[in-house]
Amino acid sequence: MKLKTGLMGTIAALALGLGMAQAEGVKVGMITTLSGGGAGLGVDTRDGFLLALKQAGDAAKGIELIIEDDQQKPDIAVQIADKMIQSDQVDVLTGIVWSNLAMAVVPAAVGQGKFYLSTNAAPSALAGAGCNPQYFSVSYQNDNLHEAAGAYASGAGIGKTFIMAPNYPAGQDSLAGFKRFYTGEVVNEVYTQVGQTDYAAEIAQIRASDADAVFFFLPGGMGIAFMKQYAESGVGKPVIGPAFSFSQDILPAVGDAALGVKNTAQWAKDLDNAANKAFVEGFQAEYGRLPSLYAAQAYDTANLLISASAKADVGDTEAFRAALAAADFASVRGKFRFGPNQHPIQDIYVREVVKEGDVLTNKIIGTAMTDRGDAYADQCKM
């Protein structure tokens, strides 16, 4: 595997350890967030992808990877994508964490004949009528984990819920997903600013409400800030969230305030399959920390790409698309297949934040949904 990047320090050091070969094959451009409040998500995305390439050895030798930091800014992401497509002549783009950045990049990229494999962001607009033969989401569809949280809250008998998310595509999808499967009463639906760090006003609204629980989707630094302030407020209403709000990359910063919180995910480090064991052990050995959901999704994305590269030339668009659609790789999730809109059909679990020694992490306590596709597949005409 060949690796190019402007991040000459850490990335270059990682690349040297990959035993890179000189063979040409698939040129991949990774656009992800490596600075600012969302950097932890992008770092885990990068590291999970790199680990899969390293573990694959010779099977990945034809993959050349270029990595750039989008700074969590749509205009920067678009500039990077344009450069990667026009100057670097990549075959595949991947790595975007945030849905507003994905919406700025993906339609134009696939419109220029490039494949896009999503390691995370999967907005509803790209799952339904806006689907494209060269766009695959390897993570989920944005609504999925929130749908599972709604189903869990209903099953747990939570009658009234206060729901909250940032005002951008993934936030809008999250609350739509929660409401789709929640049978109780939504007492308030609040949209916050993207990147917001002061939640005093929202916490006051929660305190004044008659909600039995709070459902929130606040990824990265937003979730850290909210949980710390919520714990300090003493409001005490139980919280439920998707995995993004209680991901391994942010739990150390949230601290014990997260203990006992139920959250929903299609992956956890304790899923019992050989691929997941190799991933978790390999990630800890390579990076000295537990992997997050973002790392797991990127690891699967890289292994999907490796499997497709072994079957078809990326220059043969239809053959390469068919090889991707076959999903012939060992997923860390165990069961994995694509639906008709090239989004996953997979199980979604309920996890609980626990402490293992001194380390906060998640363990699976149940299954919220089995073989869940998404609400938009029937709108996709491919």
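Residues numbered from 1 in each chain as written. Predicted model: local features only at pLDDT ≥ 70, side-chain atom pairs only at ≥ 80, totals over all residues. Heavy atoms only, no water.

(A) Fine view of helix 11 (residues 293-311). Counted at 1.5 Å a residue, the expected span for helix 11 with its 19 residues is 27 Å, and the 28 Å between its end C-alpha atoms agrees. Counting buried residues in helix 11 gives 16 out of 19 residues, a clear majority hidden from the surface. The backbone nitrogen of Tyr-294 has a side-chain oxygen 3.2 Å away, supplied by the residue at the start of helix 11, namely Ser-292. (Helix = DSSP H or I, 4+ residues; strand = E, 2+ residues; numbered from the N terminus. Expected span 1.5 Å × (residues − 1). Buried < 20%, exposed > 50% of the residue type's maximum accessible area, 1.4 Å probe, protein only. Polar contact = N/O pair within 3.5 Å; in protein donor to acceptor, adjacent residues only side chain to side chain.)

(B) Summary view of the pattern of salt bridges. Taken as a whole and assessed by the stated rule, the structure comprises 17 salt bridges. Between Arg-46 and Asp-47 there is a salt bridge, and its shortest N-O distance comes to 2.8 Å. Taking the relative accessible area as the measure of exposure, Arg-46 reaches 8% and is therefore buried. Of the charged contacts in the structure, one is a salt bridge between Arg-289 and Asp-47, with a shortest N-O distance of 2.8 Å. (Salt bridge = Lys/Arg side-chain N within 4 Å of Asp/Glu carboxyl O.)

(C) Region of interest: the pairing of strand 8 (residues 185-192). Across seven bridges, strand 7 (residues 160-166) lies against strand 8 in parallel orientation. Its bridge partner lying in strand 8, Thr-161 is registered against Val-186. For the segment spanning strand 7, helix 6 (residues 169-181) and strand 8, crossover handedness is right-handed. (Pairing = 2+ DSSP bridges. Right-handed = clockwise from strand over helix to strand, strands pointing away.)

(D) Inspection of unusual backbone geometry at higher detail. Despite not being glycine, Gln-72 has its phi angle at roughly 60 degrees, a positive value. Tracing the sequence through the fold places Gln-72 in the loop between strand 3 (63-69) and helix 3 (74-86). One non-glycine residue with positive phi stands out, namely Gln-89, at about 55 degrees. Counting through the fold element by element, Gln-89 comes out in the loop between helix 3 and strand 4 (92-94). The exposure class assigned to Gln-89 is exposed, which follows from its relative accessible area of 55%.

(E) Looking closely at the nonpolar core. With 120 residues, the main nonpolar core has Phe-49, Val-92, Phe-226, Phe-246, Phe-279, Leu-305 and Phe-320 as its most contacted residues. Sort the elements by how many residues they give to this core and helix 11 lands first, with eleven residues. (Core = buried A, V, L, I, M, F, W, Y, C linked by side-chain atoms within 4.5 Å.)

(F) Spotlight on the state of the cysteines. Under the criterion given, the structure shown has one disulfide. With a sulfur-sulfur separation of 2.0 Å, Cys-131 is cross-linked through a disulfide to Cys-380. Taking the torsion about the S-S bond as the criterion, the Cys-131 to Cys-380 disulfide, at about 90 degrees, is right-handed. One end of the pair, Cys-131, is in the loop between strand 5 (115-118) and strand 6 (135-137); the other, Cys-380, is in the segment after strand 14 (359-372), and 249 residues separate them in sequence. Here the two residues Cys-131 and Cys-380 agree in accessibility, since each one is buried. (Disulfide = S-S within 2.5 Å.)

(G) A look at the packing of helix 10 (residues 274-287) against helix 11. Between helix 10 and helix 11, whose axes approach to 11 Å, the crossing angle comes to 120 degrees. As summarised for this structure, helix 10 and helix 11 are arranged oblique, according to the angle between their axes. Judged by the twist between their axes, the crossing of helix 10 over helix 11 is right-handed. Where helix 10 approaches helix 11, its residues Ala-275, Ala-278, Phe-279 and Phe-283 are matched on the opposing element by Ala-295, Ala-296 and Tyr-299. Across the contact of helix 10 with helix 11, the residue classes tally to seven nonpolar, no polar and no charged. (Axes fitted to C-alpha atoms, helices over the stretch in contact; angles between N-to-C directions. Parallel < 35°, antiparallel > 145°, perpendicular 65-115°, else oblique. Left-handed = near helix turned anticlockwise from the far one by under 90°. Contact = heavy atoms within 4.5 Å. Nonpolar A, V, L, I, M, F, W, Y, C, P; charged D, E, K, R; others polar.)

(H) Structural context of the environment of Ser-137. Positionally, Ser-137 belongs in strand 6. Ser-137 gets classed as buried once you look at its relative accessible area, which sits at 0%. Residues Ser-137 and Pro-123 lie 14 residues apart in sequence; the distance between their C-alpha atoms is 9.6 Å. One polar contact links Ser-137 to Ser-139, side chain to side chain, over a distance of 3.2 Å.

(I) Structural detail: the environment of Ala-109. Within the secondary structure, Ala-109 sits in helix 4 (residues 99-111). On the accessibility criterion, Ala-109 (2% relative accessible area) is buried. Considered as a pair, Ala-109 and Ile-85 are 24 residues apart in the sequence and their alpha carbons are 7.7 Å apart. Leaving out residues up to four positions away in the same chain, Ala-109 has contacts with Ile-85, Leu-93 and Lys-114.

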